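Listed here are the chains, written in short residue letters.
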Amino acid sequence: MQRRWTRGLLAAAVAGGAMASAVVADAAPTATSIGRIHTDGSHFVDDSGRVVLLHGVNNVDKEPPFLQAGDGLTVTEDDAALLARHGFNTVRLGVSFDGLMPTKGVVDTAYLDRVADIVDTLAEYGIHTVLDNHQDGLSKVWGGNGFPEWSLHARPGAGEPNLGFPLYYLMPSMNAGWDEVWNNSYGALDYLGQALGALAAKMSGHPGAMGIELLNEPWPGSAFLSCFPNGCPGFDVKYQAAMQKLTDAVRGSNGDLMVLWEPNVTWNETMPSNLGKNPPISAPDIAFAPHDYCMPSQMAIYMGLPTFLRGLCPLQQDKTWGNIDALTARTQLPTLVTEFGDGDATVLRNTLVRADERFASWQYWHYSSRFGAGGPKPDPFLGDVGKQLVRTYPRATAGTPGRMIFDPDTGDFAYRYTPRAGTTEIYASDVHYPDGYAVRVEGGHVTSAPGARVVTVEADASTPVTVYINRPGSKGATVPTGPIGTGSASGSASGSAGSGSASGSADSGSADSGSGSGSGSGSAQ
């Protein structure tokens, strides 16, 4: 859906908790090499076979001239350092069909160069980039963005009302435009495949490029009514064929890139997806890229409806995550939630708790550069939103992940996994332990230096390893019971001290109040 936002971020504030001081650690990782991320069953894995969990943000520029260094929106090296310091290891970078191919059949190579430069800059800080082929409202023809005007024949009729987002999706002319896309009536899918193929080819030799998300929030066109109230299996067959066509175009140019598929956008209204039913998804290295927005919260924030509507969010988000569970059980694809968030910290918590329960990866909407034009701006993660997003989490697990829990109010973290040979890496939040943390391990031992921002753990045997991280003096957390994905168990603040304990501290950075992104299915003006 449309995301209209200013280049500033919504203001938020976070308070750091005091605790005993210990050894001071580096505030941010230094520049590092990066390897490819691939899928392995329902997990993302690195070159060593470790299971990777991704936490990150969106950075999407929708207006030409696109991705200009220092424009105050596009991420810079300073932004990469900030994101890495806060533990983020992925960015969803917006690209667009009209940027890739502004003229019919002609790829803008300068645009590709700018994309590659950003991917390489983020990679130097250990950040993996998903290239998001972004559209909202199909094209500028209807006041949206994404598909170049030359690729579509449909045009608004004389006197046809355009009420803007989101009601312009009901315009007969826009639905005719989407039908052109899905039917490939005038070659729009062919040209999009050429553009994405050129993007994929450019990413050869750029290991920071994790994959290409083929199309943001695709609308079904005139078939949209068939999607309610229980999804649209007929349209999803046609949609899946289009996704496979674009996947083949990407793979024909670069076989190393992951490809990410979104459900059609009625998903955001809790309609289930039929991807992988007819036919099954058999191509390798494909990931599922749903969004998790709360419509009642969006209506309260952006349409002025009563705030008590936010109380309905857990019900909607439970249904969304139930739909995720159904699709992943059917397809065994790993999930990367590529958009969520609206500046409402309560709604964020709903998403993040459900993601933790399922060991699911995510990218928050939205982060704009705090440097360049109009900068430097305050750190956007020193607020209530940042308190939720900056989390202690296992970013690479040498073994099979089990359950974990993180309490953003206290910083208490607990995680259990079944090990294999190798080193597990756990990022320790720089927001929640401003003066230090304690780490203790059962079934393994800490191999990192005291106070390291990334805690490394190795197993003592083949039995499960449990890691606890918390502020000194805290009772800590206990690992939830039950398997991953049940969404039914909760941990407690009564963790037991284990072997292999250590302590440390880290600089949390600036204590200034900052500005946090706030865009969901509505708009932040």
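Look up: the structure comes first, before these words.
The rules behind each value
Residues numbered from 1 in each chain as written. Predicted model: local features only at pLDDT ≥ 70, side-chain atom pairs only at ≥ 80, totals over all residues. Heavy atoms only, no water. Phe/Tyr/Trp six-rings, centres within 6.5 Å; stacked < 30°, edge-to-face > 60°. Helix = DSSP H or I, 4+ residues; strand = E, 2+ residues; numbered from the N terminus. Buried < 20%, exposed > 50% of the residue type's maximum accessible area, 1.4 Å probe, protein only. Contact = heavy atoms within 4.5 Å. Polar contact = N/O pair within 3.5 Å; in protein donor to acceptor, adjacent residues only side chain to side chain. Core = buried A, V, L, I, M, F, W, Y, C linked by side-chain atoms within 4.5 Å. Pairing = 2+ DSSP bridges. Axes fitted to C-alpha atoms, helices over the stretch in contact; angles between N-to-C directions. Parallel < 35°, antiparallel > 145°, perpendicular 65-115°, else oblique. Left-handed = near helix turned anticlockwise from the far one by under 90°. Nonpolar A, V, L, I, M, F, W, Y, C, P; charged D, E, K, R; others polar.

A. Representation of the packing of aromatic side chains. Enumeration according to the criterion identifies 23 aromatic pairs in this entry. On the numbers, 5.2 Å between centres and 90° between planes, the contact of Trp 150 with Tyr 191 is edge-to-face. Taken together, the residues span a long stretch of sequence, with Trp 150 in the loop between strand S8 (128-133) and helix H4 (172-183) and Tyr 191 in helix H5 (residues 188-202) at a distance of 41 residues. On the basis of relative accessible area, Tyr 191 is assigned to the partly exposed category, the value being 22%. Judged by centre distance (5.3 Å) and plane angle (75°), the rings of Tyr 168 and Tyr 169 are edge-to-face. The burial state of Tyr 168 is the same as that of Tyr 169; both residues are buried. Ring pairing ties together the aromatic residues Phe 97, Phe 147, Trp 150, Trp 178, Trp 182, Tyr 191, Phe 235 and Tyr 239, which thus form one cluster.

B. Geometry of helix H1 (residues 77-85). Burial in H1 covers these residues: Asp 79, Ala 80, Leu 82, Leu 83, Ala 84 and Arg 85. Taken together, the buried residues of H1 touch strand S6 (55-59), strand S7 (90-95), helix H3 (109-123) and strand S19 (424-427). For H1, the N-terminal cap is Thr 76; the gap from its side-chain oxygen to the backbone nitrogen of Asp 78 is 3.3 Å. Positive phi shows up at Gly 87, right after H1, with a value of about 90°.

C. Examining the nonpolar core more closely. One finds Val 115 and Leu 199 to be the most contacted residues of the largest nonpolar core, which totals 113 residues. Sort the elements by how many residues they give to this core and H5 lands first, with 8 residues. Other than its neighbours up to four places away in sequence, Val 115 contacts Leu 67, Leu 93, Val 95, Leu 131, Leu 199 and Met 203. Counting residues in hydrophobic clusters, the runner-up holds 11 residues, among them Val 130, Met 210, Ala 289 and Leu 336.

D. Seen up close, the sheet that holds S6. The 8 strands are arranged S11-S10-S9-S8-S7-S6-S15-S13 in an open sheet whose pairing can be described as parallel. Of all strands in the sheet, those with a lone pairing partner are strand S11 (286-288) and strand S13 (336-337), marking the two edges. With 3 bridges joining them, strand S10 (residues 258-261) and S11 adopt parallel strand pairing. Note on S11: the bridge partner recorded for Leu 260 is Ala 287. Where helix H6 (residues 233-253) meets the sheet, its contacts fall on strand S9 (209-213), S10 and S11, and the angle it forms with S10 comes to roughly 160°.

E. Summary view of the packing of H3 against H5. Interaxial distance between H3 and H5 falls to 10 Å at its minimum, and their mutual angle equals 45°. Taken together, H3 and H5 sit at an angle that is classed as oblique. Where H3 crosses over H5, the handedness of that crossing is right-handed. Two secondary-structure elements touch here, H3 through Leu 112, Asp 113, Val 115 and Ala 116 and H5 through Ala 198, Leu 199 and Lys 202. Looking at the contact of H3 with H5 residue by residue, the classes come out as 5 nonpolar, no polar and 2 charged.

F. Looking closely at the packing of helix H8 (residues 313-331) against helix H9 (residues 345-358). At a minimum axis separation of 10 Å, H8 and H9 run at an interaxial angle of 30°. Comparing the axis directions of H8 and H9 gives the class roughly parallel. At the point where H8 passes H9, the crossing takes the right-handed sense. Contacts between H8 and H9 involve Cys 313, Pro 314, Gln 317, Asp 318, Trp 321 and Asp 325 on the former and, on the latter, Val 347, Asn 350, Thr 351, Arg 354, Ala 355 and Arg 358. The residue inventory of the contact of H8 with H9, partitioned by class, reads 5 nonpolar, 3 polar and 4 charged.

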